[in-house]
Amino acid sequence: CNLTLLERKAILQSLISIDSHSHIRFSEHFPDKGIELFKKAKKEGLEGIMAKKASSPYHFGRSHDWQKIKTMNGQEVVIGGFTEPRGSRKKIGALLVGVYKGKKLVYVGHVGGGFTEKLLQDVSQILKPLITDKCPFSIKPKPNMPVTWVEPEVVCEVSFSEWTSDGSMRHPVFKGLRFDKKAKHVKREGDFR
């Protein structure tokens with residue numbers, strides 16, 4: 001489809017009922033009000049906003065013509081290992097995670113927060129068949145607990161407070177697994193190399 005985003009939206013709007021009981025809603029757009037919309041989203045505790053190039057043609061999947069602009073720092077990461085649990089925790093202590101820089105998986109931190117017992121069980125079951133003796137990171141991290149390495153195939157999403165000067169995430173929190181994303185495509189957000 002060679003129609004622009006605005007042309008496609010105009011067609012969609014004419015097809016969608018404005019009935020307030022409909023399960024389908026038309027997504028409004030706000031040209032020239034991105035900063036104002038972002039501030040409002042942040043104030044209301046929303047995850048973020050989408051920015052799309054108005055003149056862009058349709059592309060299947062992601063393209064550089066649209067961006068997620070998050071109100072909190074968020075990052076997709078690849079799981080490269082997990083530490084032994086401490087105390088009453090079961091299955092997994094923390095996930096060791098990274099992002100790809102070129103063909104190298106670069107360690108960006110360990111994620112221990114955001115889990116329930118059920119999540120720990122589920123993630124453990126998914127990682128168990130991927131256990132390996134080889135560290136998948138380009139530089140072997142030095143965690144404070146023994147590590148079980150896994151093949152870098154599973155992607156998860158985390159939120160965090162900021163990037164540190166050494167390129168690690170500060171206070172990352174597990175948000176969920178991402179089965180729609182290939183591990184090799186995970187780069188630090190904003191890094192398109």
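Within any chain, residue numbers begin from 1 and follow the written order of that chain's sequence. With the structure being a predicted model, the display of local features is reserved for residues of pLDDT at least 70 and the display and counting of side-chain atom pairs for 80 or more, all residues being used for whole-chain, interface and lining totals. Side-chain calculation: all heavy atoms of the structure are included, whereas hydrogens and water are not.

### A short note on the overall build of the chain
Only DSSP runs of H or I covering at least 4 residues are called helices, and only runs of E covering at least 2 are called strands; the numbering of each starts at the N terminus. Check the secondary structure of the chain and you find three helices and eleven strands. The order of α-helices and β-strands along the chain, N terminus first, is α-α-β-β-β-β-β-α-β-β-β-β-β-β. Along the first, second and third principal axes, the C-alpha atoms of the chain reach 60 × 35 × 30 Å. A burial count over the chain gives 34% of its 193 residues as buried. Every residue pair with non-hydrogen atoms within 4.5 Å of one another is taken to be in contact. Intrachain contacts of the chain at a sequence separation of at least 6 include 54% that bridge at least 24 residues. Surface exposure of the chain reaches about 13100 Å², of which carbon and sulfur atoms provide 55%. When accessible area is computed with a 1.4 Å probe and restricted to protein chains, residues below 20% of their type maximum are described as buried, those above 50% as exposed, and intermediate ones as partly exposed. Computed with a 1.4 Å probe, the accessible areas rest on the Shrake-Rupley method; for each residue, only the protein chains presented here act as cover.

### Description of a nonpolar patch on the surface
Within the patch definition used here, like charges are joined within 9 Å and nonpolar side chains (Val, Leu, Ile, Met, Phe, Trp, Tyr) within 5 Å, considering only residues with over 30% relative accessible area and no salt bridge. Any Lys or Arg side-chain nitrogen located within 4 Å of an Asp or Glu carboxyl oxygen qualifies as a salt bridge. A cluster of nonpolar side chains, namely Leu3, Ile11 and Leu15, defines an oily patch on the protein surface of about 280 Å² accessible area. With respect to the secondary-structure elements, Leu3 resides in the segment before α1 (5–15).

### Brief notes about the packing of aromatic side chains
For any pair of aromatic rings, the description rests on two quantities: the centre-to-centre distance and the angle between the ring planes. Centres within 6.5 Å make a pair out of two Phe, Tyr or Trp rings, where for Trp the six-membered ring is used; the pair is then stacked when the planes are under 30 degrees apart, edge-to-face when over 60, and tilted otherwise. Across all of its chains, the model carries four aromatic pairs by this definition. Ring geometry for Phe137 versus Trp149: centroids 6.2 Å apart, planes at 70 degrees, classification edge-to-face. Linking Phe137 in the loop between β6 (131–132) and β7 (147–150) with Trp149 in strand β7, this pair joins segments that are twelve residues apart in sequence. When sorted by exposure, Phe137 lands in the same class as Trp149, which is buried.

### Thoughts on unusual backbone geometry
With phi around 65 degrees, Asp32 is a residue other than glycine that occupies positive phi space. Tracing the chain through its elements places Asp32 in the loop between α1 and α2 (34–43). Looking at Asp32, the relative accessible area reads 83%, which means it is exposed. The backbone of Lys91 shows a phi angle near 75 degrees, a positive value even though the residue is not glycine. With respect to the helices, strands and loops of the structure, Lys91 is situated in the loop between β3 (73–83) and β4 (95–101).

### Quick word on the pattern of salt bridges
If you walk through the whole model with that rule in mind, you get six salt bridges. Lys118 is the salt-bridge partner of Asp122, the closest N and O atoms lying 3.1 Å from each other. Highlighted residues: Asp122 and Lys118, both in helix α3 (residues 117–127), separated by four residues, approximately one helical turn. As a salt-bridge pair, Arg178 and Asp180 come within 2.8 Å of each other at their nearest N and O atoms. Classification of Arg178 as buried rests on a relative accessible area of 14%. The class for Asp180 is exposed, based on a relative accessible area of 59%. Taken together, the salt bridges that share partners define one network made up of Glu76, Glu157, Arg178, Asp180 and Lys181.

### Observations concerning the pairing of β3
Every other side chain in a regular strand lies on the same face of the sheet, so the side chains alternate between the two faces. Counting buried residues along β3, ten of its eleven residues qualify, which places the element largely inside the surrounding structure. As defined by bridge partners, β3 adjoins strand β8 (residues 155–160) across six bridges and the pair is classed as antiparallel. Each bridged residue has a counterpart across the sheet, and for Glu76 the counterpart in β8 is Glu157. Strands are treated as partners if at least two bridges between them are detected by DSSP. Pairing between β3 and β4: four bridges, direction antiparallel.

### So, the nonpolar core
In a soluble, globular protein the nonpolar side chains are often hidden away together inside. To define a nonpolar core, start from buried Ala, Val, Leu, Ile, Met, Phe, Trp, Tyr and Cys residues and group those joined through side-chain atoms within 4.5 Å. Membership of the largest hydrophobic core comes to 31 residues, with the highest contact counts inside it found for Val77, Ile79, Leu95, Val97 and Leu127. Elements with a contribution of two residues or more to this core: β3, β4, β5 (104–111), α3, β7 and β8.

### Here's the deal with the state of the cysteines
By convention in this document, the label disulfide applies to cysteine sulfur atom pairs within 2.5 Å. Under the defined criterion, the tally for this structure stands at zero disulfides. Here Cys156 is not disulfide-linked; the sulfur of Cys135 is the nearest cysteine sulfur, at 16 Å. Judged by its relative accessible area of 0%, Cys156 is buried.

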